[in-house]
Amino acid sequence: FYSDFADKLYEYKDNRGSLVQILNNAFYDKDKEIFNRVLEKNDIDPFTVFASFNSFSGENRIEYINQFVKAFEMDRSIIPNSFDGVPTADPRQKRYYDHDGSDVLREVQNLWDLFVYSINYANDKTDENKRLFCESFDIVMGMRGIGLPKLTAALFRVRPNDFMTLDTNSFG
């Protein structure tokens, strides 16, 4: 599911207003506290979208994923039965952008750049894709509220066969 959902979000990299509209229609009443600041600006980053349903466990996560699958018209057969090994997101830190800062849109763009470059690099490990990924990774690591565990968990969710999470559960 995770790679398939990342591929679906990737389709919106140049049409994020449509992505925001889908999220607004499907989830606004459920997650106003997550989406409201960026939805006002008609933009949102993909890592925050992933974190929104990865802060739940068990049946709640499956219910939320079902809503995403329906909203994005994806094949229901890709919904996982188990989330063993998938890092959860801290419900207090679901946002990857600084929602109180003045540079919300710049931060959202930085996060989109990393998302796109991570998929490009995972799919085609050229020197140029690696360089773009590493540069973008460093930029996002410099953003307020982003740490190595949070960022590597986000990358793992995007491409679990290519990136590993560096959190206390992995290296306790």
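The model shown is predicted, which means the values in this text are computed figures rather than measured ones.

**Remarks on the environment of L19**
Inspection of the secondary structure assignment puts L19 in helix α2 (residues 16–27). In sequence terms L19 and D45 are 26 residues apart; their C-alpha atoms lie 9.8 Å from each other. If sequence neighbours within four positions are ignored, L19 has contacts with L9, Y12, I44, F72 and W112.

**So, the side chain of R159**
Mapped onto the elements, R159 comes out in the loop between α8 (148–158) and α9 (168–171). Of the polar contacts made by the side chain of R159, one reaches the backbone oxygen of S3; its length is 3.3 Å. If we skip the residues at most four places from it in the chain, R159 touches S3, A6, D7, I119, A122 and N123.

**Regarding helix α5 (residues 58–71)**
A rise of 1.5 Å per residue sets the reference length of α5, with its 14 residues, at 20 Å; its end C-alpha atoms lie 20 Å apart and thus fit the reference within 8%. Those residues of α5 that fall on the buried side of the exposure criterion are R61, I62, Y64, I65, F68 and V69. Take α5 and look down its axis: the buried residues cluster within an arc of 165 degrees, on one side only. In α5, those exposed residues whose orientation departs by more than 90 degrees from the buried face are E59 and K70.

**Considerations on the packing of aromatic side chains**
Taken as a whole and judged by the stated rule, the model has 13 aromatic pairs. Arranged with centres 6.2 Å apart and planes meeting at 20 degrees, the rings of Y2 and F50 form a pair that is stacked. Separated by 48 residues along the polypeptide, Y2 in helix α1 (residues 2–10) and F50 in helix α4 (residues 46–54) bring together distant segments of the chain. The pair formed by Y2 and F50 is uniform in burial state, with each residue classed as buried. Ring centres 5.2 Å apart and planes at 80 degrees place the aromatic pair F5 and F68 in the edge-to-face group. Placement of the pair is F5 in helix α1 and F68 in helix α5, with a sequence separation of 63 residues. The exposure classification of F5 matches that of F68, with both residues buried. Through successive ring pairs, a cluster of aromatic residues spans F1, Y2, F5, Y12, F50, F68 and F72.

**Some details on the environment of E63**
Within the secondary structure layout, E63 lies in helix α5. On a C-alpha basis, the gap between E63 and F53 in space is 9.0 Å, while along the polypeptide they are 10 residues apart.

**Considerations on a nonpolar patch on the surface**
There is a patch of nonpolar side chains on the surface, built from L148, M164 and L166 and spanning about 250 Å² of accessible area. Checked against the element boundaries, L166 lands in the loop between α8 and α9.

Reading guide: rules and limits
Residues numbered from 1 in each chain as written. Predicted model: local features only at pLDDT ≥ 70, side-chain atom pairs only at ≥ 80, totals over all residues. Heavy atoms only, no water. Helix = DSSP H or I, 4+ residues; strand = E, 2+ residues; numbered from the N terminus. Contact = heavy atoms within 4.5 Å. Polar contact = N/O pair within 3.5 Å; in protein donor to acceptor, adjacent residues only side chain to side chain. Expected span 1.5 Å × (residues − 1). Buried < 20%, exposed > 50% of the residue type's maximum accessible area, 1.4 Å probe, protein only. Arc of directions from axis to C-beta. Phe/Tyr/Trp six-rings, centres within 6.5 Å; stacked < 30°, edge-to-face > 60°. Patch = residues over 30% accessible without salt bridge, like charges linked within 9 Å, V, L, I, M, F, W, Y side chains within 5 Å. Areas by Shrake-Rupley, 256 points an atom, 1.4 Å probe, with all protein chains shown as cover. Salt bridge = Lys/Arg side-chain N within 4 Å of Asp/Glu carboxyl O.

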